[in-house]
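# Summary of the model geometry
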Amino acid sequence: MPHPVLKTETVDSLCPYCGVGCQVTYHVKDDKIIYTDGRDGPANLSRLCVKGRFGFDYTHHPDRLTKPLIRIEGVAKDPAILNGGDAFGQFREATWEEALGHAAASLESTCEEFGADAIAGFGSAKGSNEEAYLFQKLMRTAFKTNNVDHCTRLCHASSVAALMEGIGSGAVTAPFTDAEKADVILVIGARPSQNHPVASTYIKAAKRDGAKLIVLDPRGQALSRHADYGVQFKPGADVALLNAMLHVIITEDLVDHAYIEQRVNGFEEFSQHIKTFTPERMAEKCGVDAGTIRAIARTFAQAKRAIIFWGMGVSQHTHGTDNARCLIALALITGNVGRPGTGLHPLRGQNNVQGASDAGLIPMVLPDYTRVDDDFGRGRFETVWQMALNPVPGLTVVEIMHAALAGDVRAMYIMGENPAMSDPDLNKARRALASLDHLVVQDIFMTETAMLADVILPATSFYEKTGSFTNSNRQVQLGRQVLPPPGDAREDLIIIQDIAKRLGLDWHYKNTAHVFEEMRRVMPSHAGISHQRLEREGSVTYPCTSEEHAGEEILFGEGFPMASGKARLVPAQTLAPDEEPDEAYPFILTTGRMLEHWHTGAMTRRASVLDALEPGPVIALHPKDLAQLGLVAGDGVTLTSRRGTLTAATRADSDVPQGVVFLAFAFHEAAANLLTNPSLDPFGKIAELKYCAVKVEKT
Ligand code: SF4
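Everything in this summary refers to the structure shown in the same document.

Definitions and cut-offs
- Residues numbered from 1 in each chain as written.
- Predicted model: local features only at pLDDT ≥ 70, side-chain atom pairs only at ≥ 80, totals over all residues.
- Heavy atoms only, no water.
- Helix = DSSP H or I, 4+ residues; strand = E, 2+ residues; numbered from the N terminus.
- Expected span 1.5 Å × (residues − 1).
- Buried < 20%, exposed > 50% of the residue type's maximum accessible area, 1.4 Å probe, protein only.
- Core = buried A, V, L, I, M, F, W, Y, C linked by side-chain atoms within 4.5 Å.
- Contact = heavy atoms within 4.5 Å.
- 1 Å grid on protein atoms, 1.4 Å probe; cavity = no way out; pocket = protein on both sides within 12 Å on 5 of 7 lines; lining within 4 Å.
- Points joined across faces, edges and corners; volume = space filled by probe spheres on them.
- Nonpolar A, V, L, I, M, F, W, Y, C, P; charged D, E, K, R; others polar.
- Pairing = 2+ DSSP bridges.
- Axes fitted to C-alpha atoms, helices over the stretch in contact; angles between N-to-C directions.

A word on helix 3 (residues 129-142). Residue pairs spaced three or four apart in an α-helix point in one direction, given the helix's 3.6 residues per turn. Taking 1.5 Å of rise per residue, 14 residues should cover 20 Å, and helix 3 covers 20 Å from first to last C-alpha, within 8% of that figure. Of all 14 residues in helix 3, 13 are buried; the element is thus mostly enclosed. At the exit of helix 3 stands K144, carrying a positive phi of roughly 60°.

Before going further, it helps to spend a moment on the nonpolar core. Membership of the largest hydrophobic core comes to 100 residues, with the highest contact counts inside it found for I185 and Y413. Considering every element that reaches this core, the biggest residue donor is helix 2 (residues 96-114), with seven residues. Apart from residues no more than four positions distant in its own chain, Y413 is found in contact with L107, A120, G121, F122, F135, L138, M139, V440, Q442, I495, I496 and I499. Membership of the second largest hydrophobic core comes to 60 residues, among which are L241, F267, I274 and F560.

Inspection of the entire model under this criterion finds five cavities of 30 Å³ or more. Looking at the second largest cavity, the residues that line it are C15, Y17, C18, V20, G21, C22, C49, K51, G52, P197 and V198. Of the residues assigned to the lining of the second largest cavity, the class counts are eight nonpolar, two polar and one charged.

Considering the arrangement of structural elements, one finds S158 in helix 4 (residues 157-167). Since its relative accessible area comes to 0%, S158 is described here as buried. Setting aside its immediate chain neighbours within four residues, S158 contacts S315, G320, T321, A324, D681, G684 and I686.

Turning our eyes to something else, we now look at the sheet that holds strand 20 (residues 475-479). Hydrogen bonds between backbone atoms are what pair the strands of a sheet, whose relative direction is either parallel or antiparallel. If you trace the three strands from one edge of the open sheet to the other, you get 19-20-21, paired in antiparallel fashion. Looking at the sheet topology across the chains shown, the edges are occupied by strand 19 (467-470) and strand 21 (540-541). Running over the sheet, helix 3 touches strand 19 and strand 20 and is turned about 95° from strand 19.

Moving on, we get to the sheet that holds strand 6 (residues 119-122). Taking strand neighbours across the sheet as the criterion, the seven strands line up as 5-4-18-17-16-6-7 in an open arrangement whose pairing is mixed. Single-partner strands in this sheet number two, and they are strand 5 (91-93) and strand 7 (148-149). Here strand 4 (residues 69-71) runs beside strand 18 (residues 455-458); their pairing, made up of two bridges, is antiparallel. Paired with L69 across the two strands is I456, which belongs to strand 18.

See the structure below:
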C-alpha cells in the first residue's frame, strides 16, 4: 500500500543480504527507496534485521558505476593502487559497444591462443539464479572451460563436500524455522544473531518455549547468553570436541539402533574409530572439561528431535570437511535426519549462495549438481545446449588465483565478486589478478578487484532487476525490480547475453522468466517451479518436481540419494591447524562478519546507517590481552602474519578468548585477508580463513 502521507509506491521483493531470504516491501518515491517493511514470507514472518531494514541506500550512492570503463593504454595494473590513489584515473569512459567488444575479444583471443583452461570466471552468490545459470553456461559453452566458481568456495564448500559424501546431497535437510519443532538445538561455529539475525529469532523462540540450546563456539556470542550450554572451545579443535561427544553417545549406547540399521552404513567401523576419543583425553585438546562434554553429548542424544546449525566457524578450516563429517555423524547415529524438528542446516551466507550453487557455478558440477565427468548427466546438457562440453572438472577459486600467478590462467571474467578483498593471502591474490593479460569485471562499484581490471562493465544492483533467489531453506523466491538502473548501467543478464552474442552464441532469451524455463527443463529438482508460480505463491521450496508438487521442506524421510539408499559415516581425525602460533607470531587471528557489515563491505559500507554504526575496522582482543600488551581500547596496533601486515584501532571484547584476535573482513583500510592462510581443505578446497598466526604490536 502506498504511504498515505509520503505518497510512496510499493514493490514487494526480498532483502539483498543474507541467506535467510527475508521478504521485504520497498517504499519508493521519485526513484528512491524511502523505507522498508518486512513482509510475511515463510522465512521471516515480517521480521527484518538492521541490514534489511536500513541497508538499502548503497544503491543510491554517488560511487555507483554508470558508464563502461576501459583501462587507458599504457597504464600498468599495479596492486599498489589499492592502497590509495586515483583508481578512476586509470580508465577512460567507453560506449557499451566498445566495452563489450573489447571484453569479448580479449577473452576469445586468450582462449584461442592459450586454450580453454587459460580462461576462468567467477560468478556471484549475490546475483539471481538466472544470472548464475547463464554465467556458467557462457563459460562452459563459449570457452569450453569448467574453471567457473564463486564464493561458496570460501564459505561452505567443505560442508557440501561432507554432505555429498555422507548423505548424497549438499543442501540443508530442514528449514531453520524447524528449530521451533526441536527439543534440542545445537549451534556450532555460527553466530546467527550477527550473521543470520532473523533465523536466530526462531532459535531464541524455541529456547523460550522449552527447547534446550547448545552453542559451541571459540568466541562468546549473543546467542550463548540464551543457551543451556554456551561452551567456548579452543579454536581449531572442533573434531576433538565432536569426536568426544560421539564417543560418549556410542559408548553409553545412546544411539538410535533402528535408524542406524535401516538407514546408515559404516557404524561398526565408525564405533571402532571413535573408541580412543574419550572426553578425558580430548578435554585438554579442545579446552572443555570432560564433564561438560558428557553433559552436552547426553543432552543432544536424548532429544526426541535435535537439529544442528553450523556456519563458517566449522567450514573455513583445512579440516573443514572433517568438522562437518562429525556433525553429520552426530545427526545420523541419533536418528536426527528426515523428521520435522531434526536435521542438518549449514546456514548459508549470501542471499543466493544456495541458488548459485544449484545453478552450476561450481567447477565440478553442472546445474542440479550433475557432475561434469558423468557422461550421461553431461549428455543431457549437451542435448539442450546443443554442443559438446568439457568433461574435466575445473579449478576452484583459490586454485584459479594460484594458476593466474603461475601464468596458466591468463584471462578472467568476474561478475559481482571481489576476490581482491575476499580471497586469502591478498597480496598474492592481488598480484595474481594484476598479472592477468585480461580482466573483465562486471560490478556496481569500483571494487578493489575492479581497480585491477582492463574492462569494467557497470551492472545493476539487486533493486534494479528481477530474478529468482534461493535462500538457506531451499525456498525459491522472486526479487522484483524496485528502481531503474542509474546512468548507462545494464542488467547483468543482458550483459552476459551481449557478451555471448559477440562470441557467436545465438541465445534468444526474451526475459528472466524465459531463462528460468530452460533451467527447470534441465534441473529436475526445479521442474515444478516457474516465475508464474512464484508470483502466485510467493515462495516454493525445492525439490519440487511438478506443478502439482508442493515442494519438500524436510528431506530424506525415507532414503538417502546414495547408491545404497543409506547414509555413510565417515570417521574424522584430529588434525592441527595448518599454521599454529609460535614465538614470532603468538596470537591466533580469526576473521568473519559483523551484524552491520557484509562480506567485503562494498554494499554495507556505502549504506549510511550501517556505516554510521560501525564506521571503521576494529581489532578485537580480550581485555586481559590488551592489558598485557600495555594497550587500552582504541589504541592502534599493527597485526602481522607471515603474509602481510595491517593497522587498525583495538576494541576490548571479552567474547574473544585470550590469545585470539578478531577482525571482520569488510574493511579495505585493514583488509583482514592480507593476513589469512591460503592453505586448503583437501576435499572442499576451502581456505583456513578462521585460523592463522599473527603478532600484535603497538603502532
Ligand atoms: Fe536481510 Fe538476512 Fe537480515 Fe533478513 S536476516 S533482513 S535476509 S540480512
